[in-house]
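# Overview (structure and organization)
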Amino acid sequence: MEILQGILDTYAQFFNWSMWAEVLTDPVSWGYIGTLIVLEGLLSADNALVLAVMVKHLPKEKQKKALFYGLLGAYAFRFIAIGLGMFLIKLWWVKILGAGYLAWLSIKFFIDHYKHKQSDEDAEGNGMNKNGILIRTFGLFWGTVIGVEIMDVAFSVDSILAAFAVSEQVWVLLVGGMLGVLMMRGIAGVFLKLLDNVPELEVTAHVLIGFIAVKMGLSIVHVEIGHWWFFGFIVGAFAITFIIHYMRKDQSSAQTAATEDQQ
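This one's a predicted model, so the numbers in the text were calculated from it and none came from an experiment. (Residues numbered from 1 in each chain as written. Predicted model: local features only at pLDDT ≥ 70, side-chain atom pairs only at ≥ 80, totals over all residues. Heavy atoms only, no water.)

So, about the overall build of the protein. Each helix and strand counted, the protein has 11 helices and 0 strands in total. Starting at the N terminus and ending at the C terminus, the protein contains elements arranged as α-α-α-α-α-α-α-α-α-α-α. Split into buried and exposed, the 263 residues of the protein put 41% on the buried side. Long-range contacts, defined here as pairs at least 24 residues apart, represent 85% of the contacts in the protein between residues at least 6 apart. (Helix = DSSP H or I, 4+ residues; strand = E, 2+ residues; numbered from the N terminus. Buried < 20%, exposed > 50% of the residue type's maximum accessible area, 1.4 Å probe, protein only. Contact = heavy atoms within 4.5 Å.)

Printed below as a string of structure tokens:
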């Protein structure tokens, strides 16, 4: 009964307007919200492309409808997951699992990255398998919608865990998470283009995931990374990323010019 009451108290905070006003007028909260939005955009830009491919087999007029229903499901899942997560994240072993999972995501990325095992296979194809169990059970349209919902849930796990490692304020998590989902769907193309132009940003995103895993891990032993240290690391990581990018770009231009002069 105590557990249920704790969960209900957490959901009640969603409708605490004084907390809403406090969060929206606090620059630190907006800093955390902005961090969550950028991370969601960088980590989920290619996920939006996967979802677009999943509805590819539907008629044009139904593709947007399927993605819209999927978006509603993504919001509902975030609301439920954040509410339950606010209760669960107080348990030390949940923090250990969360920090471990985020650290594994970061380490795995670098192992795959430097072994050149990355692949774009997920972004290709002709949509969902029309003979799959979902489509055979629920029909072409609703089977596709359910498939999109399942994929949204899978994509959300990483983002939600990262969000809890960044902040445990209800409204920060809710606003950051909801805007993050909208960013993933609405302007995924912008982030994809940004990643194409500055590929180093993908590395930066996973460096930040590793840093956030450390932040969550330290909180288990009651060691908190201060706001300014946290934001300083974020700003520094992006600054170094763009410096490295432009240095490589200049170096590449110089090599191209040297090659043309030799010819």
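That covers the picture; the talk isn't over yet.
Attention now goes to the packing of helix H5 (residues 92-114) against helix H10 (residues 200-220). Here H5 crosses H10 at 155 degrees, and the two axes come no closer than 8 Å. Accordingly, the angle class assigned to the pair H5 and H10 is roughly antiparallel. Once H5 is placed against H10, the crossing between them reads as left-handed. Packed against H5, whose contacting residues are Trp92, Lys95, Ile96, Gly98, Ala99, Leu102, Ala103, Leu105, Ser106, Phe109, Phe110 and His113, the element H10 presents Glu202, Val203, His206, Val207, Ile209, Gly210, Ile212, Ala213, Met216, Gly217, Ser219 and Ile220 at the interface. For the contact of H5 with H10, the class distribution of residues is 15 nonpolar, 7 polar and 2 charged. (Axes fitted to C-alpha atoms, helices over the stretch in contact; angles between N-to-C directions. Parallel < 35°, antiparallel > 145°, perpendicular 65-115°, else oblique. Left-handed = near helix turned anticlockwise from the far one by under 90°. Nonpolar A, V, L, I, M, F, W, Y, C, P; charged D, E, K, R; others polar.)

Before going further, it helps to spend a moment on H10. Between the first and last C-alpha of H10 there are 31 Å, a value that for 21 residues agrees with the 30 Å anticipated at 1.5 Å per step. Downstream of H10 by one or two residues, His222 has phi in the positive range, about 60 degrees. (Expected span 1.5 Å × (residues − 1).)

Turning our attention to the packing of aromatic side chains. Under the counting rule described, the total for this entry stands at 11 aromatic pairs. Seen from their ring centres, Phe230 and Phe231 are 5.5 Å apart, and the 70 degrees between their planes marks the pair as edge-to-face. Classification of Phe230 by relative accessible area gives buried; the value is 0%. With a relative accessible area of 16%, Phe231 lands in the buried category. Linked through ring pairs, Tyr32, Phe211, Phe230, Phe231 and Phe233 together constitute an aromatic cluster. (Phe/Tyr/Trp six-rings, centres within 6.5 Å; stacked < 30°, edge-to-face > 60°.)

A few words on unusual backbone geometry. Positive phi, close to 60 degrees, is recorded for His222, a residue that is not glycine. Among the structural elements, His222 can be located in the loop between H10 and helix H11 (227-262).

This next bit is on the UniProt feature "transmembrane region" (unreviewed entry) in the protein. Under the local residue numbering, the UniProt record ascribes the feature "transmembrane region" (unreviewed entry) to residues 30-54, 66-86, 92-111, 138-164, 170-191, 203-222 and 228-247. The straight-line gap between the two end C-alpha atoms of residues 203-222 is 29 Å; of that span, 90% is helix and 0% is strand. Taken as a whole, residues 228-247 contains 100% helix and 0% strand, while its terminal C-alpha atoms sit 28 Å from one another. (UniProt positions renumbered as here; feature names shortened; annotations may be inferred.)

In this structure, Ile82, Leu102, Phe164, Ile212 and Phe230 are the most contacted members of the largest nonpolar core, which totals 47 residues. The set of elements that each furnish at least two residues to this core consists of helix H2 (17-24), helix H3 (27-54), helix H4 (60-88), H5, helix H7 (140-166), helix H8 (170-186), H10 and H11. Apart from residues no more than four positions distant in its own chain, Phe164 is found in contact with Ala81, Ile82, Gly85, Met86, Ile89, Leu173 and Met216. In this structure, Leu51, Met54, Ala66 and Phe141 belong to the second largest nonpolar core, which totals 8 residues. (Core = buried A, V, L, I, M, F, W, Y, C linked by side-chain atoms within 4.5 Å.)

A word on the side chain of Glu200. If you trace the backbone, Glu200 turns up in helix H10. Polar contacts involving the side chain of Glu200 include one to the side chain of His245, which spans 3.1 Å. Once residues within four sequence positions are removed from consideration, Glu200 is found in contact with Thr241, His245 and Arg248. (Polar contact = N/O pair within 3.5 Å; in protein donor to acceptor, adjacent residues only side chain to side chain.)

Before going further, it helps to examine a nonpolar patch on the surface. On the surface, a nonpolar cluster with roughly 770 Å² of combined accessible area is contributed by Ile80, Leu84, Leu88, Leu91, Trp92, Trp93, Ile96 and Leu97. Those elements that provide at least two residues to the nonpolar patch are H4 and H5. In terms of residues, the nonpolar patch owes the most to one element, H5, which gives 4 residues. Looking at the secondary structure, you find Leu97 in helix H5. (Patch = residues over 30% accessible without salt bridge, like charges linked within 9 Å, V, L, I, M, F, W, Y side chains within 5 Å. Areas by Shrake-Rupley, 256 points an atom, 1.4 Å probe, with all protein chains shown as cover. Salt bridge = Lys/Arg side-chain N within 4 Å of Asp/Glu carboxyl O.)

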